[in-house]
Amino acid sequence: MVGSERTFVIGTDARQRILDTAYELFSHRGIRGVGIDEIVERADVAKATLYRHFPSKNDLVLAFLDLREQRWTRDYVEAEAQRRGATPEDRLLAIFDVYDEWFHRDDFEACTFVNVLLEMGPEHPAGGASISHLEQIRELVKRFADEAGLRDTVSFGRSWHILMKGSIIAAAEGDLLAARRSKSMARRLIEEYR
């Protein structure tokens, strides 16, 4: 979101405006850095309306994380890997091409699930939900690895996910070539599990 420009379309329902506003704010500033009053103001709803749809901030955060999985993991990373990769191995490697583009965008904000997990801790409902969402990313990788006929795809998925998360952290540190470096290591990992 740029300045005070609104990301919702006039006439969309209040719940979706609240969720879209929270999505934008939580993605860029974290959970603790965003208050309910700011969400209410930016979504242009009454506080009672927010609490009617989301009884607590935690409920809103959990809905945000679910939306993040849909928009980011499913609609972007998975869809782009499917579109770009002619084979299962190509789809695995395409994840890093998607990441490379993401790392070069002005709105790169690192991994929301890792950010929330570190910010809130694994015992907090949002931290626990983030762990579950990270598991879904590994399941996606495992599925591609199964389709590629790789062995021990659970272990492969964990190793692959380390490359994914490591490249995100490196990019957040300023290494804009992190995805390309990870893709090179990923090729060797595929060979190891072939």
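Quick summary incoming for the structure in this document. Because the structure is predicted, anything quoted here is derived from the model rather than measured.

Here we take up the overall build of the protein chain. Within the protein chain, the secondary structure is distributed over nine helices and zero strands. Scaling as 2.2 N^0.38, a compact globule of 194 residues should have a C-alpha radius of gyration of about 16 Å, and the protein chain matches this with 18 Å. In terms of its C-alpha atoms, the protein chain occupies a principal-axis envelope of roughly 55 × 30 × 30 Å. Partitioning the intrachain contacts of the protein chain with sequence separation of at least 6 by distance along the chain shows that 66% fall at a separation of at least 24. When the accessible surface of the protein chain is totalled, it reaches about 9,600 Å², and 50% of it is carbon and sulfur. In the protein chain, 28 positive and 33 negative side-chain charges are present, and the distance between their average locations comes to 1 Å.

Per the stated rule, a full pass over the model turns up 20 salt bridges. Glutamate 147 is the salt-bridge partner of arginine 91, the closest N and O atoms lying 3.5 Å from each other. Placement of arginine 91 in helix α5 (residues 88–103) and of glutamate 147 in helix α7 (residues 125–147) is noted, with a sequence separation of 56 residues between them. The class for arginine 91 is buried, based on a relative accessible area of 12%. Classification of glutamate 147 by relative accessible area gives partly exposed; the value is 41%. For aspartate 107, the salt bridge is made with arginine 105, and the minimal N-O distance between the two is 2.8 Å.

Side chains of residues three or four places apart in an α-helix project in the same direction, reflecting 3.6 residues per turn. The terminal C-alpha atoms of helix α9 (residues 178–193), which comprises 16 residues, lie 22 Å apart, in line with the 22 Å expected from a rise of 1.5 Å per residue. In this structure, the buried side of α9 is in contact with α5 and α8 (153–172).

With that settled, consider the packing of helix α4 (residues 57–84) against α7. Packing of α4 against α7 brings their axes to within 10 Å, and their N-to-C directions diverge by 15°. Classified by the interaxial angle, the pair formed by α4 and α7 is roughly parallel. Considering the relative orientation of α4 and α7, their crossing is right-handed. Residue-level contacts link Asn58, Val61, Leu62, Leu65, Asp66, Glu69, Thr73, Arg74, Glu78, Ala81 and Gln82 of α4 to Pro125, Ala126, Ala129, Ser130, His133, Gln136, Ile137, Leu140, Arg143 and Phe144 of α7. Residue classes in the contact of α4 with α7 are distributed as ten nonpolar, six polar and five charged.

Here we take up the nonpolar core. Within the largest apolar cluster, 65 residues are counted, with the highest numbers of intra-cluster contacts made by Leu60, Tyr99, Phe156 and Trp160. Those elements giving two or more residues to this core turn out to be α1 (14–29), α2 (36–43), α4, α5, α6 (112–120), α7, α8 and α9. Per-element tally for this core: the top contributor is α4, with ten residues. Beyond its immediate sequence surroundings of up to four residues, leucine 60 is in contact with Ile18, Leu19, Ala22, Phe26, Ile36, Ile39, Leu50 and Phe54.

Before going further, it helps to spend a moment on unusual backbone geometry. Non-glycine residue aspartate 44 carries a positive phi angle of around 60°. Following the sequence through the fold, aspartate 44 ends up in the loop between α2 and α3 (47–53). Even without being glycine, alanine 110 reaches a positive phi, approximately 70°. If you trace the backbone, alanine 110 turns up in the loop between α5 and α6. Residue classification places alanine 110 among the buried residues on the basis of a relative accessible area of 11%.

Next up on the list: the packing of aromatic side chains. Within the structure shown, the criterion is met by 13 aromatic pairs. Judged by centre distance (5.3 Å) and plane angle (65°), the rings of phenylalanine 26 and phenylalanine 64 are edge-to-face. Of this pair, phenylalanine 26 sits in helix α1 while phenylalanine 64 sits in helix α4, placing them 38 residues apart in sequence. Judged on exposure class, the residue phenylalanine 26 and its partner phenylalanine 64 are both buried.

Criteria and thresholds
Residues numbered from 1 in each chain as written. Predicted model: local features only at pLDDT ≥ 70, side-chain atom pairs only at ≥ 80, totals over all residues. Heavy atoms only, no water. Helix = DSSP H or I, 4+ residues; strand = E, 2+ residues; numbered from the N terminus. Rg over C-alpha atoms; globule rule 2.2 N^0.38 Å. Contact = heavy atoms within 4.5 Å. Areas by Shrake-Rupley, 256 points an atom, 1.4 Å probe, with all protein chains shown as cover. Lys, Arg positive; Asp, Glu negative; His and termini not counted. Charge placed at Lys NZ, Arg CZ, Asp CG, Glu CD. Salt bridge = Lys/Arg side-chain N within 4 Å of Asp/Glu carboxyl O. Buried < 20%, exposed > 50% of the residue type's maximum accessible area, 1.4 Å probe, protein only. Expected span 1.5 Å × (residues − 1). Axes fitted to C-alpha atoms, helices over the stretch in contact; angles between N-to-C directions. Parallel < 35°, antiparallel > 145°, perpendicular 65-115°, else oblique. Left-handed = near helix turned anticlockwise from the far one by under 90°. Nonpolar A, V, L, I, M, F, W, Y, C, P; charged D, E, K, R; others polar. Core = buried A, V, L, I, M, F, W, Y, C linked by side-chain atoms within 4.5 Å. Phe/Tyr/Trp six-rings, centres within 6.5 Å; stacked < 30°, edge-to-face > 60°.

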